[in-house]
Amino acid sequence: MPESISIDVLEVGDFLTNCYIIHSDGKAIVVDPGDEAERILGFIEQKGIKVEKVILTHGHIDHIKGLPDLRAAIDAPVLIHQEDAIMLTQARKNLSYYHDKSFTTKPADELLVEDDEIMLGDHIIRILHTPGHTPGGISLFVDDVVFTGDALFFGSIGRTDLPGSDHRTLIQAINDKLLSLPDQTRALPGHGPETTIGYEKENNPWLS
């Protein structure tokens, strides 16, 4: 039997972004290192795990700010959906231009598309393209868990009043890609507490 995955979350940065560390059998994937790279690295060292990949659910500044320091310390490729790739290298696209300081970083090492599969030990992480908050927003589905980025939150959905966002596209993506998952699926969002797909079907006011 394969070892079950473990999931740890660190709430990082001014935007309280959920940075997830998914690990199994000593191997790990970091999802959305939004800030506080030293804290993320310290946690990884404490756990004694090796990071194999860094995956970004989308390219907004609050999900990518910790990338440069993380890359400097670990040798792991950075992955993002092909439609959000430009956000790493353009401050207007990642929205940092509109905050206190413009931010850019190196391009991603690998570009993702719908239904790509990423292995973590014996576990398959499937890429679900869930655009609307950003053109290349993705969710990550593995075992009975889906990491929803800024598409779906506990009782809410991602903002669609930002450059490149679209409300109708987001609602369709949530309905098609997320609400079609089993009701018991744990949904771990980019901000705030976790929920389940079944709970959001019944209670999310944006989806009724």
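Residues numbered from 1 in each chain as written. Predicted model: local features only at pLDDT ≥ 70, side-chain atom pairs only at ≥ 80, totals over all residues. Heavy atoms only, no water.

As for the packing of aromatic side chains
Put simply, the test is: Put simply, two rings from Phe, Tyr or Trp (the six-membered ring, in Trp's case) pair if the centres are within 6.5 Å, and we call them stacked under 30 degrees between planes, edge-to-face over 60, tilted for the rest. Strands here are runs of E lasting at least two residues and helices are runs of H or I lasting at least four, both read from the DSSP assignment and numbered beginning at the N terminus. Buried means the residue's accessible area, taken with a 1.4 Å probe over protein chains only, is under 20% of the maximum for its type, while exposed means over 50%, and partly exposed covers the values in between. In this analysis the charged atom, NZ for Lys or CZ for Arg, is taken to sit over a ring once it is within 6 Å of the ring centre and within 35 degrees of the ring normal.
Counting across every chain of the model gives three aromatic pairs. Judged by centre distance (5.1 Å) and plane angle (65 degrees), the rings of Y20 and F147 are edge-to-face. Remark: F147 occurs in strand β10 (residues 145–149) and Y20 occurs in strand β2 (residues 17–24); sequence separation between them is 127 residues. A ring pair is formed by F154 and Y199, whose centres lie 5.4 Å apart and whose planes are at 20 degrees; its orientation type is stacked. Pair noted here: F154 is in the loop between β11 (152–153) and β12 (156–157) and Y199 is in helix α6 (residues 197–203), with a separation of 45 residues, a long-range link. The class of Y199 is partly exposed, set by a relative accessible area of 36%. Lying across the ring of Y97, R92 places its NZ or CZ 3.9 Å from the centre.

A word on the sheet that holds β2
Definition in use: Two strands make a pair as long as DSSP finds a minimum of two bridges between them. Here the axes come from fitting lines to C-alpha atoms, over the contacting stretch only for helices, and the angles between their N-to-C directions go from 0 to 180 degrees. Two residues qualify as a contact provided that any one of their heavy atoms is within 4.5 Å of a heavy atom in the partner residue.
Taking strand neighbours across the sheet as the criterion, the six strands line up as β1-β2-β3-β4-β5-β6 in an open arrangement whose pairing is mixed. If you trace the sheet from one side to the other, it starts and ends with β1 (6–12) and β6 (110–112), each paired once. Recorded for the sheet is a direction-independent mean angle of 25 degrees between the axes of neighbouring strands. Of the pairings in the sheet, the one linking strand β3 (residues 27–31) to strand β4 (residues 50–55) comprises five bridges and is parallel in character. By the bridge assignment for β4, V30 is matched with V54. Against the sheet, helix α1 (residues 37–47) contacts β1, β2, β3 and β4, and its axis sits at roughly 155 degrees relative to β1.

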